[in-house]
Amino acid sequence: MRPLDEKETTLVFNKLHKFVGNNLKSIVLESQSHEGPDSNPGRYCFRLQKNRVYYVSESLIKRATNIKREKLVSLGTQIGKFTKAGKFHLTIQSLNLLAANAKHKVWLKPTSEMSFLYGNSVLKGGVGRITENIQVNDGVVVFLDVGCAVGIWGCSKEYGGLP
């Protein structure tokens, strides 16, 4: 497990910025870890292991140094992975982190929940609530009507408010 290099960090931060905007600062700089027996467990940081990016506390990284790289399967929360072409893709495990810090949110009506979960596009009639000023290609976190985050989405139309 190693820190991200400059190119990898740029790709990860650009993708995260698409969904959380200026809240990226709170994810990177202001997040304090509450894990482990240490009195000062440290902060969270991003680490790379086998083309997968993890969001993990520094105290957990220190403890994981006792494990061989070949034996280490996972550590912390997987945020995404790098493809063979060098692109970065977010994974569903990052949904809790994105939902807590999302800039743009959409709440679906119960009638369109299953359609979204099966991979279909969301029509205007299926949107219950939506945050203000969503531009084309902005990253959006999708919530059910009860407040449970279920996915991420790239907006294909511009919305100034409710549809």
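Check the entry above for the structure.
The present account deals with the structure reproduced in this document. Everything quoted here is computed from the prediction, not taken from an experiment.

About the cut-offs
Along each chain, numbering runs from 1 in the same order as the chain's sequence is written. In keeping with the model being predicted, local features are shown solely for residues with a pLDDT of at least 70 and side-chain atom pairs are shown and tallied solely at 80 or more, while totals for entire chains, interfaces and linings include all residues. Working from all heavy atoms in the structure, the side-chain values ignore hydrogens and water. The numbering of helices and of strands both runs from the N terminus, where a helix is a DSSP run of H or I of at least 4 residues and a strand a run of E of at least 2. Buried residues are those whose accessible area, probed at 1.4 Å on protein chains only, stays under 20% of the maximum for their type, while exposed residues exceed 50% and partly exposed ones sit between those limits. Note on contacts: a residue pair qualifies if any of its non-hydrogen atoms lie within 4.5 Å across the two residues. In these notes, a set of buried Ala, Val, Leu, Ile, Met, Phe, Trp, Tyr and Cys residues joined through side-chain atoms within 4.5 Å is what counts as a nonpolar core. Only one rule defines a salt bridge in this text: a Lys or Arg side-chain nitrogen within 4 Å of an Asp or Glu carboxyl oxygen. By this definition, two strands are paired if DSSP reports at least two bridges between them. For every element, the axis is a line fit to its C-alpha atoms; helices are fit only across the contacting stretch, and the angle between N-to-C directions ranges from 0 to 180 degrees.

1. Let's talk about the overall build of the protein
Of regular secondary structure, the protein possesses five helices and nine strands. Burial status across the protein gives 43% buried among its 163 residues. Sequence separation of at least 24 residues holds for 52% of the intrachain contacts in the protein that already meet a minimum separation of 6.

2. Details of the nonpolar core
Formed by 24 residues in total, the largest nonpolar core has its most connected members in L16, F46, V53, I79 and V141. Among the elements of the structure, α1 (6–20), α2 (24–28), β2 (44–49), β3 (52–57), β4 (77–82), β5 (88–90), α4 (95–101) and β8 (139–143) are those that each provide at least two residues to this core. Residues in contact with L16, not counting those within four places in the same chain, are G21, L24, F46, I79, L90 and L98.

3. A closer look at the pattern of salt bridges
Using the criterion set out here, one finds one salt bridge in the structure. Linking R2 and E8 is a salt bridge whose minimum nitrogen-to-oxygen distance equals 2.9 Å.

4. What to know about the environment of R47
Tracing the backbone through its elements, the reader meets R47 in strand β2. A sequence separation of 14 residues divides R47 from I61, and the C-alpha atoms of the two residues are 9.0 Å apart. Beyond its immediate sequence surroundings of up to four residues, R47 is in contact with M1, R2, P3, L4, R52, V53, Y54, V56 and I61.

5. Looking at the sheet that holds strand β7 (residues 127–130)
Reading across from one edge, β7-β6-β8-β9 is the order of the four strands in this open sheet, with mixed pairing throughout. Only two strands of the sheet have a single partner each, and these edge strands are β7 and β9 (149–154). In this sheet, neighbouring strand axes are inclined to one another by 30° on average, regardless of whether the strands run parallel or antiparallel. Here strand β6 (residues 105–108) pairs with β8 via three bridges, running parallel. Opposite W107, over in β8, you have F143 as the bridge partner.

6. Let's talk about the environment of E70
Examined against the element boundaries, E70 turns out to sit in the loop between α3 (58–64) and β4. With relative accessibility at 61%, the residue E70 sits in the exposed group.

7. Some words on the sheet that holds β3
Taking strand neighbours across the sheet as the criterion, the five strands line up as β1-β2-β3-β4-β5 in an open arrangement whose pairing is antiparallel. Each edge of the open sheet carries a strand with a single partner, namely β1 (2–3) and β5. Bridge count between β3 and β4: four bridges; the pairing is antiparallel. In the sheet register, Y55 faces β4, and the bridge partner there is T77. Where α1 meets the sheet, its contacts fall on β1, β2, β3, β4 and β5, and the angle it forms with β5 comes to roughly 40°.

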